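Here is how the chains run, residue by residue.
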Amino acid sequence: MADAAVAVLLVAGSGLMFVAALGILRMPDLFTRMQATTKAATLGVGLLLAAAAVEFGELAVTTRVIAAAVFIAMTAPVAAHLLGRAAYFLGVPLWEGSVRDELRGRYNERAHALASMEELLGEERLAPGRATRRGADARAADEEPGKGA
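These figures come from a predicted structure and were not determined experimentally.

1. Focus: the layout of surface pockets
When its volume is computed, the largest pocket comes out at roughly 440 Å³. Considering each element in turn, the lining of the largest pocket owes the most residues, seven residues, to helix α3 (residues 59-90). Looking at the lining of the largest pocket residue by residue, the classes come out as 10 nonpolar, six polar and five charged.

Below, the structure is given as C-alpha coordinates:
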(Lines give C-alpha, C1' and ligand atoms only; values in the text may rest on other atoms or scores of the structure.)
Protein backbone atom coordinates (compact mmCIF):
# COMPACT_ATOMS: atom_id res chain seq x y z
CA MET A 1 0.00 0.00 0.00
CA ALA A 2 2.80 2.41 0.88
CA ASP A 3 4.53 1.60 -2.40
CA ALA A 4 1.42 2.59 -4.34
CA ALA A 5 1.15 5.88 -2.43
CA VAL A 6 4.82 6.61 -3.09
CA ALA A 7 4.35 5.83 -6.78
CA VAL A 8 1.31 8.12 -7.04
CA LEU A 9 3.13 10.94 -5.24
CA LEU A 10 6.22 10.54 -7.42
CA VAL A 11 4.23 10.50 -10.65
CA ALA A 12 2.13 13.49 -9.60
CA GLY A 13 5.18 15.44 -8.43
CA SER A 14 7.11 14.61 -11.58
CA GLY A 15 4.13 15.56 -13.69
CA LEU A 16 3.89 18.95 -12.03
CA MET A 17 7.63 19.51 -12.47
CA PHE A 18 7.14 18.65 -16.16
CA VAL A 19 4.32 21.20 -16.36
CA ALA A 20 6.66 23.77 -14.80
CA ALA A 21 9.28 22.99 -17.45
CA LEU A 22 6.65 23.33 -20.17
CA GLY A 23 5.66 26.66 -18.66
CA ILE A 24 9.19 27.93 -19.17
CA LEU A 25 9.14 26.83 -22.80
CA ARG A 26 5.59 27.77 -23.78
CA MET A 27 4.71 30.96 -21.93
CA PRO A 28 5.29 34.17 -23.89
CA ASP A 29 6.99 36.46 -21.36
CA LEU A 30 8.95 36.43 -18.14
CA PHE A 31 6.00 37.24 -15.91
CA THR A 32 3.73 34.44 -17.11
CA ARG A 33 6.67 32.01 -17.06
CA MET A 34 7.38 32.85 -13.45
CA GLN A 35 3.76 32.43 -12.46
CA ALA A 36 3.47 29.04 -14.13
CA THR A 37 6.76 27.68 -12.88
CA THR A 38 6.46 28.94 -9.31
CA LYS A 39 3.09 27.35 -8.70
CA ALA A 40 3.76 24.05 -10.45
CA ALA A 41 7.30 23.62 -9.17
CA THR A 42 6.38 24.42 -5.57
CA LEU A 43 3.60 21.85 -5.54
CA GLY A 44 5.71 19.34 -7.52
CA VAL A 45 8.61 19.54 -5.09
CA GLY A 46 6.18 19.22 -2.20
CA LEU A 47 4.75 16.02 -3.64
CA LEU A 48 8.22 14.59 -4.29
CA LEU A 49 9.20 15.37 -0.72
CA ALA A 50 5.98 13.75 0.52
CA ALA A 51 6.89 10.64 -1.45
CA ALA A 52 10.24 10.54 0.35
CA ALA A 53 8.52 10.88 3.72
CA VAL A 54 6.09 8.05 2.95
CA GLU A 55 8.87 5.82 1.57
CA PHE A 56 11.13 6.12 4.61
CA GLY A 57 8.36 6.35 7.18
CA GLU A 58 10.64 7.61 9.94
CA LEU A 59 9.92 10.57 12.18
CA ALA A 60 13.30 12.18 11.50
CA VAL A 61 12.81 12.05 7.74
CA THR A 62 9.21 13.23 7.95
CA THR A 63 10.24 16.17 10.14
CA ARG A 64 12.92 17.19 7.64
CA VAL A 65 10.47 16.82 4.76
CA ILE A 66 7.92 19.04 6.50
CA ALA A 67 10.60 21.64 7.26
CA ALA A 68 11.82 21.62 3.66
CA ALA A 69 8.28 21.83 2.26
CA VAL A 70 7.39 24.75 4.52
CA PHE A 71 10.63 26.52 3.58
CA ILE A 72 9.96 26.07 -0.15
CA ALA A 73 6.31 27.10 0.17
CA MET A 74 7.35 30.28 1.99
CA THR A 75 10.34 31.29 -0.12
CA ALA A 76 9.43 30.39 -3.71
CA PRO A 77 6.48 32.82 -4.06
CA VAL A 78 8.40 35.61 -2.33
CA ALA A 79 11.42 35.09 -4.58
CA ALA A 80 9.21 35.05 -7.68
CA HIS A 81 7.51 38.26 -6.56
CA LEU A 82 10.83 40.02 -6.01
CA LEU A 83 12.21 38.83 -9.35
CA GLY A 84 9.04 39.91 -11.14
CA ARG A 85 9.07 43.30 -9.45
CA ALA A 86 12.72 43.86 -10.32
CA ALA A 87 12.15 42.77 -13.92
CA TYR A 88 9.14 45.07 -14.30
CA PHE A 89 10.97 48.11 -13.03
CA LEU A 90 14.06 47.34 -15.09
CA GLY A 91 11.82 47.49 -18.15
CA VAL A 92 11.40 43.85 -19.17
CA PRO A 93 8.58 44.08 -21.71
CA LEU A 94 5.19 42.52 -21.18
CA TRP A 95 3.81 40.16 -23.80
CA GLU A 96 2.11 42.12 -26.58
CA GLY A 97 -1.07 40.14 -25.93
CA SER A 98 -1.29 41.33 -22.33
CA VAL A 99 -4.67 42.90 -21.69
CA ARG A 100 -3.75 45.20 -18.82
CA ASP A 101 -0.71 46.63 -17.06
CA GLU A 102 -1.96 47.40 -13.58
CA LEU A 103 1.23 49.15 -12.45
CA ARG A 104 1.58 51.59 -15.35
CA GLY A 105 1.28 55.12 -14.01
CA ARG A 106 0.94 54.00 -10.39
CA TYR A 107 4.55 53.48 -9.35
CA ASN A 108 6.83 56.16 -7.94
CA GLU A 109 10.29 55.02 -9.05
CA ARG A 110 12.16 57.23 -6.60
CA ALA A 111 10.25 56.17 -3.50
CA HIS A 112 9.54 52.60 -4.76
CA ALA A 113 5.93 52.92 -3.67
CA LEU A 114 2.58 52.48 -5.41
CA ALA A 115 0.39 55.54 -5.90
CA SER A 116 -2.28 54.05 -3.65
CA MET A 117 0.20 54.07 -0.77
CA GLU A 118 1.07 57.68 -1.57
CA GLU A 119 -2.63 58.50 -1.32
CA LEU A 120 -2.88 56.73 2.02
CA LEU A 121 0.20 58.29 3.55
CA GLY A 122 0.58 61.59 1.74
CA GLU A 123 -2.13 63.55 0.06
CA GLU A 124 -5.39 62.30 1.52
CA ARG A 125 -4.14 61.20 4.98
CA LEU A 126 -6.62 58.35 5.19
CA ALA A 127 -6.43 55.72 7.87
CA PRO A 128 -5.21 52.33 6.57
CA GLY A 129 -8.11 50.05 5.77
CA ARG A 130 -10.51 52.90 5.09
CA ALA A 131 -9.04 54.05 1.78
CA THR A 132 -10.29 53.13 -1.63
CA ARG A 133 -7.89 51.46 -4.04
CA ARG A 134 -7.62 54.20 -6.61
CA GLY A 135 -4.36 54.90 -8.34
CA ALA A 136 -2.75 57.85 -10.06
CA ASP A 137 -4.64 57.19 -13.31
CA ALA A 138 -8.05 57.53 -11.63
CA ARG A 139 -6.91 60.60 -9.72
CA ALA A 140 -5.59 62.23 -12.91
CA ALA A 141 -8.86 61.48 -14.69
CA ASP A 142 -10.80 63.12 -11.85
CA GLU A 143 -8.63 66.23 -12.01
CA GLU A 144 -8.94 66.74 -15.78
CA PRO A 145 -12.06 68.68 -16.79
CA GLY A 146 -14.50 66.72 -18.91
CA LYS A 147 -13.13 63.30 -17.94
CA GLY A 148 -14.64 60.99 -15.36
CA ALA A 149 -13.20 58.02 -13.54
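2. Considerations on the side chain of Thr38
Summarising the element assignment, Thr38 is placed in helix α2 (residues 30-56). Its relative accessible area of 17% is what places Thr38 among the buried residues. A distance of 2.7 Å separates a polar atom in the side chain of Thr38 from the backbone oxygen of Met34. If near-sequence neighbours (up to four positions away) are discounted, Thr38 is found in contact with Ala76, Pro77 and Ala80.

3. Some thoughts on the confidence of the model for the protein
For the protein, per-residue confidence averages 79 on the pLDDT scale, and 75% of positions sit at 70 or higher. When pLDDT is averaged over each helix and strand of the protein, the minimum, 47, is found for helix α5 (residues 136-143) and the maximum, 93, for helix α1 (residues 2-26). Note that pLDDT drops below 50 for residues 124-142; the model gives that stretch 32 contacts with residues more than four away or on any other chain.

4. Observations concerning α2
For α2, spanning 27 residues, the distance from its first C-alpha to its last is 38 Å, which sits close to the expected 39 Å at 1.5 Å a residue. Among all positions of α2, only Phe31, Met34, Ala36, Thr37, Thr38, Ala40, Thr42, Gly44, Ala51 and Ala53 are buried. Contact partners of the buried residues in α2: α1 and α3. Within two residues after α2, Gly57 carries a phi angle of roughly 60 degrees, on the positive side.

5. Focus: the packing of aromatic side chains
The tally for this structure, following the rule as stated, stands at two aromatic pairs. Relative to Tyr88, the ring of Phe31 has its centre 6.4 Å away and its plane inclined at 65 degrees; by these criteria the two rings are edge-to-face. On the criterion of sequence distance, the pair formed by Phe31 in helix α2 and Tyr88 in helix α3 is long-range, its members being 57 residues apart. Of the residues examined, Phe31 reaches a relative accessible area of 18% and is grouped as buried. Taking the centre distance of 5.0 Å and the plane angle of 90 degrees together, the rings of Tyr88 and Phe89 count as edge-to-face.

6. Topic: the environment of Gly46
Looking at the element boundaries, Gly46 is found in helix α2. Judged by its relative accessible area of 24%, Gly46 falls in the partly exposed class. C-alpha of Gly46 to C-alpha of Val70: the two residues are 24 residues apart in sequence and 8.8 Å apart in space.

7. Some points on the packing of α2 against α3
α3 packs onto α2 with a crossing angle of 175 degrees between their chain directions and a minimal axis gap of 9 Å. Compared by their axis directions, α2 and α3 come out roughly antiparallel. Grouping the constituent residues of the contact of α2 with α3 by class yields 21 nonpolar, four polar and no charged.

Conventions we followed
Residues numbered from 1 in each chain as written. Predicted model: local features only at pLDDT ≥ 70, side-chain atom pairs only at ≥ 80, totals over all residues. Heavy atoms only, no water. 1 Å grid on protein atoms, 1.4 Å probe; cavity = no way out; pocket = protein on both sides within 12 Å on 5 of 7 lines; lining within 4 Å. Points joined across faces, edges and corners; volume = space filled by probe spheres on them. Helix = DSSP H or I, 4+ residues; strand = E, 2+ residues; numbered from the N terminus. Nonpolar A, V, L, I, M, F, W, Y, C, P; charged D, E, K, R; others polar. Buried < 20%, exposed > 50% of the residue type's maximum accessible area, 1.4 Å probe, protein only. Polar contact = N/O pair within 3.5 Å; in protein donor to acceptor, adjacent residues only side chain to side chain. Contact = heavy atoms within 4.5 Å. pLDDT = per-residue confidence, 0-100. Expected span 1.5 Å × (residues − 1). Phe/Tyr/Trp six-rings, centres within 6.5 Å; stacked < 30°, edge-to-face > 60°. Axes fitted to C-alpha atoms, helices over the stretch in contact; angles between N-to-C directions. Parallel < 35°, antiparallel > 145°, perpendicular 65-115°, else oblique.

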